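What follows is each chain in one-letter form.
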Amino acid sequence: MNPTPPKWPYPTLFAHRGGGRHAPENTLAAMRVGRSHGFSAVEFDVKLSRDSVAILMHDDTLDRTANGAGAVASIDIARLETLHANRGLELTFPDEPIPRFSAVAKYLHGLGLIANIEIKPCPGREVETGRLVAELTAELWLDRFVKPSVSSFSPAALIAANSAAPDLPIGVLCEKPADEHWRLAAELGAVSLHCDQQHADADLVRATHAKGLRLLAWTVNDAERAGELMRLGVDGLFT
């Protein structure tokens, strides 16, 4: 049986999309709000504009979170930077922009925040997104002691990221762990497996640790459940 990896520089709690529901998700404001609530680590999503600029955005379209519409993959960065990522929170955050990944990296350095970066490719752009996000991450965190962990649901994106920046810590994202996820983690030399919290139990913790991986769970917004998962030995929670 392999021991749990001895080196793990990340805290237990990651602020999901930066500020949870207290700020526009995946924005500079979200990172600031997460920090103000005492978090030392944040999770956020990165995808590409039509002209291959890395931005923070979860959905494939703008409609849910921004004052615009349409597929992100069809819109250039010049247009995206005229929009606000504040839908539903316009009064509190009237001018919050869709941020470039590079701007967020610099902001996190200033706040002293650790990152988990989820590669969230638009359909058909898995390899390109994985490669570019990994290259940027390696460059933007070059002089930082703790590198971000890079995760994705997309095997193609993770394989491309690992090829482009093999020293970055990799996390395999899934809903419920299956053989394919264990195989991918082994192939990439991943450090962690990230699953839906409802599937996290003592058996999964033991199995994950036995494979030399850490187990992280998403998205945990109930304090009682968070405490239960931590007692089971889950290594990190996105909340």
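Reading the values: rules and limits
Residues numbered from 1 in each chain as written. Predicted model: local features only at pLDDT ≥ 70, side-chain atom pairs only at ≥ 80, totals over all residues. Heavy atoms only, no water. Helix = DSSP H or I, 4+ residues; strand = E, 2+ residues; numbered from the N terminus. Rg over C-alpha atoms; globule rule 2.2 N^0.38 Å. Buried < 20%, exposed > 50% of the residue type's maximum accessible area, 1.4 Å probe, protein only. Contact = heavy atoms within 4.5 Å. Salt bridge = Lys/Arg side-chain N within 4 Å of Asp/Glu carboxyl O. Polar contact = N/O pair within 3.5 Å; in protein donor to acceptor, adjacent residues only side chain to side chain. Axes fitted to C-alpha atoms, helices over the stretch in contact; angles between N-to-C directions. Parallel < 35°, antiparallel > 145°, perpendicular 65-115°, else oblique. Left-handed = near helix turned anticlockwise from the far one by under 90°. Nonpolar A, V, L, I, M, F, W, Y, C, P; charged D, E, K, R; others polar. Core = buried A, V, L, I, M, F, W, Y, C linked by side-chain atoms within 4.5 Å. Phe/Tyr/Trp six-rings, centres within 6.5 Å; stacked < 30°, edge-to-face > 60°.

Asker: Describe in detail the overall build of the protein chain, supporting the description with residues and values.
Answerer: Within the protein chain, the regular secondary structure consists of 8 helices and 9 strands. On C-alpha atoms alone, the protein chain measures out to a radius of gyration of 17 Å, which is about the 18 Å that the 2.2 N^0.38 rule sets for 239 residues. For the protein chain, the spread of C-alpha atoms along the principal axes amounts to about 55 × 40 × 35 Å. Counting every position in the protein chain, which comprises 239 residues, the buried fraction comes to 53%. When contacts within the protein chain are restricted to residue pairs at least 6 apart in sequence, long-range pairs at least 24 apart make up 57% of them.

Asker: Go over the pattern of salt bridges, please, and point to the residues and values.
Answerer: Per the counting criterion, the structure on display carries 13 salt bridges. A salt bridge links R64 to E25; its shortest N-O distance comes to 2.8 Å. Of the two residues, R64 sits in the loop between β3 (54–56) and α2 (77–80) while E25 sits in the loop between β1 (13–16) and α1 (28–36), which places them 39 residues apart along the sequence. Classification of R64 as partly exposed rests on a relative accessible area of 39%. Residue E25 is classed as buried on the basis of its relative accessible area, which comes to 17%.

Asker: Let's hear about α1: which residues, and what values?
Answerer: Burial in α1 covers these residues: A29, A30, M31, V33 and G34. Summarising the contacts, the buried residues of α1 are in contact with β1, β2 (41–48), β3 and α3 (101–111).

Asker: Describe helix α8 (residues 223–232), and please don't skip the residues or the numbers.
Answerer: Considered for burial, the residues of α8 that qualify are R225, A226, G227 and L229. Capping the start of α8 is the job of one residue whose side-chain oxygen sits 3.2 Å from the backbone nitrogen of E224: D222. Trailing α8 by a residue or two, G233 shows a phi angle of about 100°, which is positive.

Asker: If you had to explain the packing of α3 against helix α4 (residues 126–140) to someone new, which residues and values would you point to?
Answerer: Between α3 and α4, the least distance of the axes is 11 Å, while the angle of their chain directions is 30°. Put simply, α3 runs roughly parallel to α4. Crossing of α3 against α4: the hand is right-handed. Residues F101, S102, A105 and H109 of α3 touch α4, and the partners they reach there are V133, L136, T137 and L140. Split into classes, the residues belonging to the contact of α3 with α4 amount to 5 nonpolar, 3 polar and no charged.

Asker: Please give an account of the side chain of S192 that cites residues and values.
Answerer: Looking at where S192 falls in the secondary structure, it is placed in strand β7 (residues 192–196). Given a relative accessible area of 1%, S192 falls into the buried group. Among residues more than four places away in sequence, those in contact with S192 are W8, I170, G171, V172, L213, R214 and L216.

Asker: Can you tell me about the nonpolar core, naming the residues and giving the values?
Answerer: Nonpolar side chains in soluble globular proteins generally cluster together in the buried interior. Ranked by size, the top nonpolar core spans 49 residues in total, and within it F44, V46, F101, L108, I117, W141 and V234 carry the most contacts. When residues no more than four places from it in sequence are discounted, the contact partners of F44 are R17, N26, M31, L56, F101, V104, L108, A115, N116, I117 and E118. With 13 residues, the next largest nonpolar core counts A66, I75, I77 and A85 among its residues.

Asker: Give me the packing of helix α5 (residues 155–164) against helix α6 (residues 179–188): which residues, what numbers.
Answerer: Closest axis-to-axis distance for the α5/α6 pair is 11 Å, and the angle between their directions is 10°. As far as their axial angle goes, α6 and α5 are roughly parallel. Side by side, α5 and α6 meet where P155, L158, I159 and N162 of the first sit next to L184, E187 and L188 of the second.

Asker: Tell me about the packing of aromatic side chains, and name the residues and values.
Answerer: Each aromatic ring pair is specified by the distance between its two centres and by the angle formed by the two planes. Taken as a whole and judged by the stated rule, the model has 6 aromatic pairs. Ring plane angle 55° and centroid distance 6.2 Å describe the contact between F44 and F101, whose orientation is recorded as tilted. A residue pair is termed long-range when its members are at least 10 positions apart, and F44 in strand β2 and F101 in helix α3 qualify at 57 residues. Side by side, F44 and F101 carry an identical accessibility label, which is buried. Measuring from centroid to centroid gives 5.9 Å for F153 and W218, while their planes differ by 85°, and the two rings are edge-to-face. Taken as a pair, F153 in the loop between β5 (149–152) and α5 and W218 in strand β8 (residues 214–218) lie far apart in primary sequence, 65 residues in all. Relative accessible area serves as the criterion here: at 40%, F153 is assigned to the partly exposed category. Taken together, the aromatic side chains of W8, Y10, F14 and F238 make up a single cluster linked through ring pairs.

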